[in-house]
Amino acid sequence: MNEKPEVKSATQAFENALDEKQVFVLKLFVSGMTPSSIRAVQNIRKICQEHLKNRFELQVIDIYQQPDMAKEEQIVAVPTLIKKLPAPLQQFLGDLSDKEKILVGLNLSPKAPKGRDEMKTQ
């Protein structure tokens, strides 16, 4: 019997292949070496290493050392993670300790978000 593969499976395979090649451009704005800033850096690095492997660019920006960058991105609270690419642009506020919510926001997990970190799409 000669069965055709489902279009859904081919589409999923294509989308998965694209996802594996996407580079994530992330900017994390922190305020010095505060406990929440340190946790945010540790949490996003762990997420990137576990789920993005070599497909990410992470820039950590201290708003005290580079206030112009914070002003340019209209940062009003820290820590703030901005996902520049892939689209859409997204911001995550807090120490990024709610891993599932961050993964959902980055489109790396199918589960629904929950927890204390805020996520907003622009």
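Residues numbered from 1 in each chain as written. Predicted model: local features only at pLDDT ≥ 70, side-chain atom pairs only at ≥ 80, totals over all residues. Heavy atoms only, no water.

A.B. asks: Requested: an account of the overall build of the chain, with residues and values cited.
C.D. replies: Across its full length, the chain holds 4 helices and 5 strands. Within the chain, counting contacts between residues at least 6 apart in sequence, those at least 24 apart form 59% of the total. Carbon and sulfur atoms form 52% of the exposed surface of the chain, whose accessible area is close to 8,100 Å². (Helix = DSSP H or I, 4+ residues; strand = E, 2+ residues; numbered from the N terminus. Contact = heavy atoms within 4.5 Å. Areas by Shrake-Rupley, 256 points an atom, 1.4 Å probe, with all protein chains shown as cover.)

A.B. asks: Which residues make up the side chain of Glu73, and what values do they have?
C.D. replies: Of note, Glu73 is situated in the loop between α3 (67-72) and β3 (80-85). Accessibility expressed as a relative area gives 15% for Glu73, which makes it buried. There is a polar contact of 3.0 Å between the side chain of Glu73 and the side chain of Lys84. Ignoring anything within four residues of it in the chain, the contact list for Glu73 reads Lys27, Phe29, Ile82, Lys84 and Gln91. (Buried < 20%, exposed > 50% of the residue type's maximum accessible area, 1.4 Å probe, protein only. Polar contact = N/O pair within 3.5 Å; in protein donor to acceptor, adjacent residues only side chain to side chain.)

A.B. asks: Describe the pairing of strand β4 (residues 90-93), listing the residues and the values that go with them.
C.D. replies: Across 4 bridges, β3 lies against β4 in antiparallel orientation. When the sheet's bridge partners are listed, Leu81 is paired in β4 with Phe92. The antiparallel pairing of β3 with β4 creates a hairpin that spans 4 residues between the two strands. (Pairing = 2+ DSSP bridges.)

A.B. asks: So, the nonpolar core: which residues are in play, and what are the values?
C.D. replies: Ranked by internal contacts, the top residues of the largest apolar core, which has 16 residues, are Leu26, Leu28, Ile44, Leu81, Leu96 and Leu106. Within the residue set of this core, elements represented by two or more residues are β1 (24-30), α2 (35-51) and α4 (99-105). For this core, the element with the most residues is α2, which contributes 5 residues. Residues in contact with Leu28, not counting those within four places in the same chain, are Ala40, Val41, Ile44, Leu58, Gln59, Val60, Ile61, Pro79, Thr80, Leu81 and Leu96. (Core = buried A, V, L, I, M, F, W, Y, C linked by side-chain atoms within 4.5 Å.)

A.B. asks: Give a detailed account of α2, specifying residues and quantitative values.
C.D. replies: The end-to-end C-alpha distance of α2 is 24 Å, a good match for the 24 Å that 17 residues give at a rise of 1.5 Å each. Ser37, Ala40, Val41, Ile44, Ile47 and Cys48 are the residues of α2 that are buried. An end-on view of α2 places all buried positions within 140° of arc, on one side of the element. Of the exposed residues in α2, the ones pointing more than 90 degrees away from its buried face are Pro35, Gln42, Lys46 and Gln49. The secondary structure elements touched by the buried residues of α2 are β1, β2 (56-62), β3 and α4. Downstream of α2 by a residue or two, Lys53 has a phi angle that is positive, lying close to 45°. (Expected span 1.5 Å × (residues − 1). Arc of directions from axis to C-beta.)

A.B. asks: Please provide a residue-by-residue account of the pattern of salt bridges, values included.
C.D. replies: Inspection of the entire model under this criterion finds 4 salt bridges. Between Lys27 and Glu73 there is a salt bridge, with the nearest N and O atoms lying 3.4 Å from each other. Residue Lys27 is found in strand β1, and its partner Glu73 is found in the loop between α3 and β3; the two are separated by 46 residues along the sequence. Both residues of the pair, Lys27 and Glu73, belong to the buried class. A salt bridge links Lys99 to Glu50, with the shortest nitrogen-to-oxygen separation between them at 2.6 Å. Of this pair, Lys99 sits in helix α4 while Glu50 is found in helix α2, placing the two residues 49 residues apart along the sequence. (Salt bridge = Lys/Arg side-chain N within 4 Å of Asp/Glu carboxyl O.)

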